[in-house]
Amino acid sequence: MSKHGAPTNTSEQLKALDTPNLKVAIVAASWHETVMNGLIAGAQRAAQEANIADVHLVRVPGSFELPVAARVLAEKYDAVIALGVVIRGGTPHFDYVCQAATMGLTQVSVETRSPIGFGVLTCDNEQQALDRAGLEGSSEDKGHEAFSAAVMTAAALR
């Protein structure tokens, strides 16, 4: 499981940050509503722990659209959290969308010098996505992790 080796005190680190004036945007895909609701809720919990009140949520159709939305938002916000889920199917579509989202978000981060929290789940099946969505019974909370990573990076760069 990807949780192996993850930091264990992320919530405490968020609470210790001095980031009340940090402006953060969450851009979230719409596919797989249950998983997405969990990812968004996890990011919002992390925002509360970091005492960040200025969090703007933008919804886009799918994970493929995350990079362009993140690019626009990175101009106005100190950090952007990109949330999505792509579940493998029977065609190469999965590979193309995952690669485009990953490379696109990386490009946005480097070009804008803005932290982008990568919360795009790339799973073989729906159960793997549910296990990572931060829902009751999930083993991981990738929305929280993506928010934490972006905000801690933004704080470090200040």
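Residues numbered from 1 in each chain as written. Predicted model: local features only at pLDDT ≥ 70, side-chain atom pairs only at ≥ 80, totals over all residues. Heavy atoms only, no water.

### Regarding helix α6 (residues 142-157)
For step 1, the next point in the chain: For α6, which comprises 16 residues, the first-to-last C-alpha distance of 22 Å matches the rise-based estimate of 22 Å (1.5 Å per residue) to within 8%.
For step 2, the next point in the chain: Along α6, the positions that sit buried rather than exposed are K142, G143, H144, A146, F147, S148, A150, V151 and A154. (Helix = DSSP H or I, 4+ residues; strand = E, 2+ residues; numbered from the N terminus. Expected span 1.5 Å × (residues − 1). Buried < 20%, exposed > 50% of the residue type's maximum accessible area, 1.4 Å probe, protein only.)

### Some points on the packing of helix α2 (residues 33-49) against α6
For step 1, the next point in the chain: Running from N to C, α2 and α6 point in directions that differ by 45°, and their axes come no closer than 6 Å. Taken together, the axes of α2 and α6 lie oblique to each other. Between α2 and α6 lies a crossing of right-handed hand. Each of L39, G42, A43, R45, A46, A47 and E49 in α2 lies in contact with α6, whose residues at this interface are K142, G143, H144, F147 and S148. (Axes fitted to C-alpha atoms, helices over the stretch in contact; angles between N-to-C directions. Parallel < 35°, antiparallel > 145°, perpendicular 65-115°, else oblique. Left-handed = near helix turned anticlockwise from the far one by under 90°. Contact = heavy atoms within 4.5 Å.)

### Description of the sheet that holds strand β4 (residues 116-123)
Strands pair in a sheet through their backbones, by hydrogen bonds, and they do so in one of two ways: parallel or antiparallel.
For step 1, the next point in the chain: The sheet built from four strands is open, its strands ordered β2-β1-β3-β4 with parallel pairing. Strands at the two margins of the open sheet, each flanked by one partner only, are β2 (55-59) and β4. Here the average twist between neighbouring strands, direction ignored, is 15°.
For step 2, the next point in the chain: Across five bridges, strand β1 (residues 24-28) lies against strand β3 (residues 79-87) in parallel orientation. Considered in β3, the bridge of A25 is made with V80. (Pairing = 2+ DSSP bridges.)

### Observations concerning the UniProt feature "binding site: (2S)-2-hydroxy-3-oxobutyl phosphate" (unreviewed entry) in the protein chain
For step 1, the next point in the chain: The feature "binding site: (2S)-2-hydroxy-3-oxobutyl phosphate" (unreviewed entry), as annotated in UniProt, sits at G90, T91 and R132 in this numbering. In three dimensions, the annotated residues from a span of 43 residues occupy distinct locations, with a maximal C-alpha spread of 23.3 Å.
For step 2, the next point in the chain: Within the fold, G90 resides in the loop between β3 and α4 (93-112).
For step 3, the next point in the chain: Mapped onto the elements, T91 comes out in the loop between β3 and α4. (UniProt positions renumbered as here; feature names shortened; annotations may be inferred.)

### Some points on the pattern of salt bridges
For step 1, the next point in the chain: Applying the stated criterion across every chain yields a total of nine salt bridges.
For step 2, the next point in the chain: In this structure, R88 and D95 form a salt bridge, with 3.8 Å as the shortest nitrogen-oxygen distance.
For step 3, the next point in the chain: Using a relative accessible area of 41% as the deciding quantity, one classes D95 as partly exposed. (Salt bridge = Lys/Arg side-chain N within 4 Å of Asp/Glu carboxyl O.)

### Re the nonpolar core
For step 1, the next point in the chain: The biggest cluster of nonpolar side chains holds 28 residues, and the ones touching the most others in it are V24, I81, L83 and F147.
For step 2, the next point in the chain: Elements with a contribution of two residues or more to this core: β1, α2, β3, β4 and α6.
For step 3, the next point in the chain: The dominant element in this core, judged by the number of residues it contributes, is α2, at seven residues.
For step 4, the next point in the chain: Not counting residues up to four positions away in its chain, the partners in contact with V24 are I52, D54, V55, H56, Y77, A79, I81, F147 and V151.
For step 5, the next point in the chain: In terms of nonpolar packing, the next biggest core, distinct from the first, is built from 19 residues, L66, A70, A82 and C98 among them. (Core = buried A, V, L, I, M, F, W, Y, C linked by side-chain atoms within 4.5 Å.)

### Quick notes on the packing of aromatic side chains
For step 1, the next point in the chain: One pass over the full model with this rule turns up zero aromatic pairs.
For step 2, the next point in the chain: Sitting above the plane of the Y77 ring, K23 keeps its charged end 5.5 Å from the centroid. (Phe/Tyr/Trp six-rings, centres within 6.5 Å; stacked < 30°, edge-to-face > 60°. Lys NZ or Arg CZ within 6 Å of the ring centre and 35° of its normal.)

### Regarding the environment of L130
For step 1, the next point in the chain: As for its position among the elements, L130 is in helix α5 (residues 126-132).
For step 2, the next point in the chain: L130 sits in the partly exposed class, given a relative accessible area of 23%.
For step 3, the next point in the chain: Expressed as a C-alpha distance, the spacing of L130 and V35, which sit 95 residues apart in the sequence, is 5.9 Å.

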